[in-house]
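For reference, the chains in residue letters:
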Amino acid sequence: MSEVVYGSEIAKDIKENLKVKIDQLKAEGKRIPKLVVVLVGDNQASLSYVRGKEKACQFVGMENELITLPETTTQEELLSLIERLNLDTAVDGILVQLPLPAHIKEKDIIHAIDPNKDVDGFHPCNVGKLMLNEETFVSCTPKGIIRILETIGYDDLSGKRAVVVGRSNIVGKPIAQLLLNKNATVTICHSRTQDIENVCKEADILIAAIGKAKYINRNWVKEGAVVIDVGINRDENNKMCGDVDFEDVKEVCSYITPVPKGVGPMTIAMLLENTLQSYHKREG
Ligand code: GUN
């Protein structure tokens, strides 16, 4: 039997801590950190994520602005908005919600965001710094996973084997790098990996970020492993579920994160932390 690790509870503590810090800034009459979220089009999942970010900003007392643009927005229009936000000294963090409509090149947009305001940690400058183990904006979901490991006291990763399932730029690659920076021996698996089940079974820490509902069952998991589930999927009954078959795997691992209430809330808490980090870089 395992311990279920509720990221939602860890995230709540982090947000309460941030609220105290922002209240302090307010009491001192200082400028308040500000996050701007840009949403293009009307992707319902994106809209719900963006609302979650808005609510969290309000909870901690951070300034936040949501800019919603129509699906028909051109790349040039979006780039000129980003240019304006880059120059706006009241803005600490800029987040352009992905995915973008097909006619806009995500890469061009990510490159256009000032790396010093890139609270997503997606800009190549920040990704490069992560690879060099230099201080930078670390993308929010991977950063949240590391914080979960630290919270459960599982962050001395020397000699540990970590397996990451999924190689996205947002989760798979950066979490692999963060685990490596903490001295884990890291393997990244993906759709072309042979014998994936047995590779996963070697993991002391298994990170599932593939986007396939309940893909990983107990046969993939070593007894006593720590299992972190990043997936957000719908099962056959349209119920939200992760990439891990939670009920099955929880019988064999030591710690497991649920979906919902696991990694998701940590992502938002880390976004707020990154925005405050950006603020302090600017304001001291
Ligand atoms: N879409 C899904 N996750 C994310 C994220 O972390 N940041 C942005 N900008 N878009 C996303």
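Residues numbered from 1 in each chain as written. Predicted model: local features only at pLDDT ≥ 70, side-chain atom pairs only at ≥ 80, totals over all residues. Heavy atoms only, no water.

1. Considering the packing of helix H6 (residues 140–151) against helix H7 (residues 172–181)
Piece 1. At a minimum axis distance of 9 Å, the contact between H6 and H7 shows a crossing angle of 40 degrees. On the basis of the axis angle, H6 is oblique to H7. Considering how the two elements wind past one another, H6 and H7 form a crossing that is right-handed. On H7, the residues touching Pro-142, Lys-143, Ile-145, Ile-146 and Leu-149 of H6 are Pro-174, Ile-175, Leu-178 and Leu-179. (Axes fitted to C-alpha atoms, helices over the stretch in contact; angles between N-to-C directions. Helix = DSSP H or I, 4+ residues; strand = E, 2+ residues; numbered from the N terminus. Parallel < 35°, antiparallel > 145°, perpendicular 65-115°, else oblique. Left-handed = near helix turned anticlockwise from the far one by under 90°. Contact = heavy atoms within 4.5 Å.)

2. Notes on the packing of aromatic side chains
Piece 1. Taken as a whole and assessed by the stated rule, the structure comprises 1 aromatic pair.
Piece 2. A cation sits over an aromatic face here: Lys-15 above Phe-59, 5.9 Å from the ring centre.
Piece 3. Between the NZ or CZ atom of Lys-281 and the centre of the ring of Phe-137, over which it lies, the distance is 5.4 Å. (Phe/Tyr/Trp six-rings, centres within 6.5 Å; stacked < 30°, edge-to-face > 60°. Lys NZ or Arg CZ within 6 Å of the ring centre and 35° of its normal.)

3. Some thoughts on the UniProt feature "domain: Tetrahydrofolate dehydrogenase/cyclohydrolase NAD(P)-binding" (unreviewed entry) in the protein
Piece 1. The UniProt record marks residues 139–281 with the feature "domain: Tetrahydrofolate dehydrogenase/cyclohydrolase NAD(P)-binding" (unreviewed entry), using the residue numbering of this structure.
Piece 2. Between the C-alpha atoms that bound residues 139–281 there is a distance of 17 Å. The span itself is 35% helix and 17% strand. (UniProt positions renumbered as here; feature names shortened; annotations may be inferred.)

4. Considerations on the pattern of salt bridges
Piece 1. In this structure the tally under the stated criterion is 18 salt bridges.
Piece 2. For the salt bridge of Lys-19 with Asp-23, the shortest nitrogen-to-oxygen distance reads 3.5 Å. With Lys-19 and Asp-23 both in helix H1 (residues 7–27) and 4 residues apart, the pair spans about one turn of that helix.
Piece 3. With a relative accessible area of 32%, Lys-19 lands in the partly exposed category.
Piece 4. Judged by its relative accessible area of 34%, Asp-23 is partly exposed.
Piece 5. A salt bridge links Glu-150 to Arg-147; the shortest N-O distance between them is 3.7 Å. Here the residue Glu-150 and the residue Arg-147 both occupy positions in helix H6, the gap between them amounting to 3 residues, near one helical turn.
Piece 6. Residue classification places Glu-150 among the partly exposed residues on the basis of a relative accessible area of 33%.
Piece 7. Connected through shared salt-bridge partners, Lys-143, Arg-147, Glu-150, Lys-182 and Glu-273 make up one network. (Salt bridge = Lys/Arg side-chain N within 4 Å of Asp/Glu carboxyl O. Buried < 20%, exposed > 50% of the residue type's maximum accessible area, 1.4 Å probe, protein only.)

5. A look at the site of the ligand
Piece 1. Every residue lining the ligand is accounted for by Leu-95, Val-96, Gln-97, Leu-98, Asp-120 and Phe-122.
Piece 2. In this structure, Gln-97 approaches the ligand through a side-chain N or O atom, which is 3.2 Å from a nitrogen atom.
Piece 3. Contacts to the ligand include Asp-120, whose side-chain N or O atom sits 2.6 Å from a nitrogen atom.
Piece 4. A total of 270 Å² of accessible area belongs to the ligand in isolation, and the protein chains cover 81% of it. (Near = heavy atom within 4 Å. Polar contact = N/O pair within 3.5 Å; in protein donor to acceptor, adjacent residues only side chain to side chain. Areas by Shrake-Rupley, 256 points an atom, 1.4 Å probe, with all protein chains shown as cover.)

6. Things to note about the packing of H1 against helix H10 (residues 263–283)
Piece 1. One way to put it is that H1 packs onto H10 with a least axis distance of 8 Å and a crossing angle of 25 degrees. By the criterion of interaxial angle, the relationship of H1 to H10 is roughly parallel. Here the hand of the crossing between H1 and H10 comes out left-handed. Of the residues in H10, those in contact with Gly-7, Ser-8, Ile-10, Ala-11, Ile-14, Lys-15, Leu-18, Lys-21 and Leu-25 of H1 are Pro-265, Met-266, Ala-269, Met-270, Leu-272, Glu-273, Leu-276 and Tyr-279.
Piece 2. Its residues placed into classes, the contact of H1 with H10 shows 12 nonpolar, 2 polar and 3 charged. (Nonpolar A, V, L, I, M, F, W, Y, C, P; charged D, E, K, R; others polar.)

7. Observations concerning H6
Piece 1. For H6, with 12 residues, the first-to-last C-alpha span of 16 Å sits near the 16 Å given by 1.5 Å per residue.
Piece 2. Along H6, 9 of the 12 residues are buried, which leaves the element largely enclosed by surrounding structure.
Piece 3. Those residues of H6 not exposed but buried are Cys-140, Thr-141, Pro-142, Lys-143, Gly-144, Ile-145, Ile-146, Ile-148 and Leu-149.
Piece 4. Taken together, the buried residues of H6 touch H1, H7, strand E7 (205–208), strand E8 (226–229) and H10.
Piece 5. Taken from the residues just after H6, Gly-153 is the one with a positive phi, measuring 75 degrees. (Expected span 1.5 Å × (residues − 1).)

8. Overview of the sheet that holds strand E2 (residues 34–40)
Piece 1. Strands sit in the order E3-E2-E4 across an open sheet of 3 strands; the sheet is parallel. Lying at the two open borders of the sheet, with one neighbouring strand each, are strand E3 (63–69) and strand E4 (93–96). Neighbouring strand axes in the sheet, compared pairwise and without regard to direction, differ in orientation by 15 degrees on average.
Piece 2. Bridge analysis of E2 against E3 gives 7 bridges, and the strand direction is parallel. Bridge assignment links Val-38 to a residue of E3, and that residue is Ile-67.
Piece 3. Together, E2, E3 and E4 form the strand contacts of helix H2 (residues 44–60), whose direction differs from that of E3 by roughly 160 degrees. (Pairing = 2+ DSSP bridges.)

9. Notes on H7
Since the α-helix packs 3.6 residues into each turn, any two residues three or four apart lie on the same face.
Piece 1. Burial runs high along H7: 7 of the 10 residues are buried.
Piece 2. Among the residues of H7, Gly-172, Pro-174, Ile-175, Ala-176, Gln-177, Leu-178 and Leu-179 are the ones counted as buried.
Piece 3. Of the residues trailing H7, Asn-183 is marked for its positive phi of about 75 degrees.

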